[in-house]
Amino acid sequence: MSKLGQLLVARGWITVQQLTRALKNQGVVGGRIGTCLLEMEALTEDLLLKGLAEQFGIAGASADNLRGIPEEVRSLLSPKLAVRCRAVPFQIVGGSLEVAMADARNLACQDEIAFATGKRVKVYVALEARLSPQERRVG
């Protein structure tokens, strides 16, 4: 799996200079490189999500996917587990619960979500900013 910054540069979506600046910012304030690039306005949310989806090899959950989530879907996951796993359930399709996660590689959280909800889990990658409690209420 390639690093996100390298992937974004290879696609021509950001420059090496923008990546270098974002890495320096990340070293000072912390956080994820994608969030640093968004804060610098080096790329759009759509391109970042596309890059993350490519990096993880799974679909991305867009801002539209995370708007107007029915309460019966949202309530399947306890707020504590949702915050700890940085995950938002957003749709049920058949017997599967579609869940947006900031770290789609976290298999322990995926298993815990499946156990807690009693459903098969289909994971989508999402921007961490879109998974914050404030963002979910606004969207």
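Counted by the stated rule, this structure contains one disulfide. Disulfide pairing places cysteine 85 opposite cysteine 109 at an S-S distance of 2.2 Å. What sets the handedness of the cysteine 85 and cysteine 109 disulfide is the S-S torsion sign, and at about -85° it is left-handed. On the criterion of sequence distance, the pair formed by cysteine 85 in helix α6 (residues 79–85) and cysteine 109 in helix α7 (residues 107–117) is long-range, its members being 24 residues apart. Of the two residues, cysteine 85 and cysteine 109, neither departs from the other in class, the shared state being buried.

Turning our eyes to something else, we now look at unusual backbone geometry. The phi dihedral of glutamate 41 is positive, around 60°, even though this residue is not glycine. Secondary-structure assignment places glutamate 41 in the loop between α3 (33–39) and α4 (45–56). The exposed category is assigned to glutamate 41, whose relative accessible area is 72%. The backbone phi angle of arginine 86 is positive, close to 45°, even though this residue is not glycine. By secondary structure assignment, the location of arginine 86 is in the loop between α6 and β1 (87–93). Arginine 86 sits in the partly exposed class, given a relative accessible area of 33%.

Evaluated as defined, the whole model comprises one aromatic pair. Centroid distance phenylalanine 90 to tyrosine 124: 5.2 Å. Interplanar angle 75°. Geometry classified as edge-to-face. Here phenylalanine 90 is found in strand β1, whereas its partner tyrosine 124 is found in strand β3 (residues 120–125), with 34 residues between them in sequence. You can call phenylalanine 90 buried: its relative accessible area is 6%.

Attention shifts here to the nonpolar core. Core analysis: the biggest nonpolar cluster contains 44 residues, and Leu8, Leu37, Leu48, Leu66 and Ile113 have the highest contact counts within it. A per-element tally of this core places α4 first, with five residues. Here leucine 37 is in contact with Leu8, Ile14, Gln18, Ala22, Ala42 and Leu43, once residues within four sequence places are set aside.

Among the residues making up α7, those that are buried are Cys109, Gln110, Ile113 and Thr117. All buried residues of α7 lie within an arc of 105° about the axis, which places them on one face of the element. Exposed side chains of α7 directed beyond 90 degrees from the buried face belong to Leu107, Ala108, Asp111 and Phe115. Elements in contact with the buried residues of α7: α6, β1, β2 (96–101) and β3. The distance from a side-chain oxygen at the start of α7 to the backbone nitrogen of alanine 108 is 3.3 Å, and the residue carrying that oxygen is asparagine 106. Two residues or fewer after α7 comes glycine 118, characterised by a positive phi angle close to 70°.

Cut-offs applied
Residues numbered from 1 in each chain as written. Predicted model: local features only at pLDDT ≥ 70, side-chain atom pairs only at ≥ 80, totals over all residues. Heavy atoms only, no water. Disulfide = S-S within 2.5 Å. Helix = DSSP H or I, 4+ residues; strand = E, 2+ residues; numbered from the N terminus. Buried < 20%, exposed > 50% of the residue type's maximum accessible area, 1.4 Å probe, protein only. Phe/Tyr/Trp six-rings, centres within 6.5 Å; stacked < 30°, edge-to-face > 60°. Core = buried A, V, L, I, M, F, W, Y, C linked by side-chain atoms within 4.5 Å. Contact = heavy atoms within 4.5 Å. Arc of directions from axis to C-beta. Polar contact = N/O pair within 3.5 Å; in protein donor to acceptor, adjacent residues only side chain to side chain.

So, to be careful, I would describe these as geometric facts and stop short of saying anything about function.
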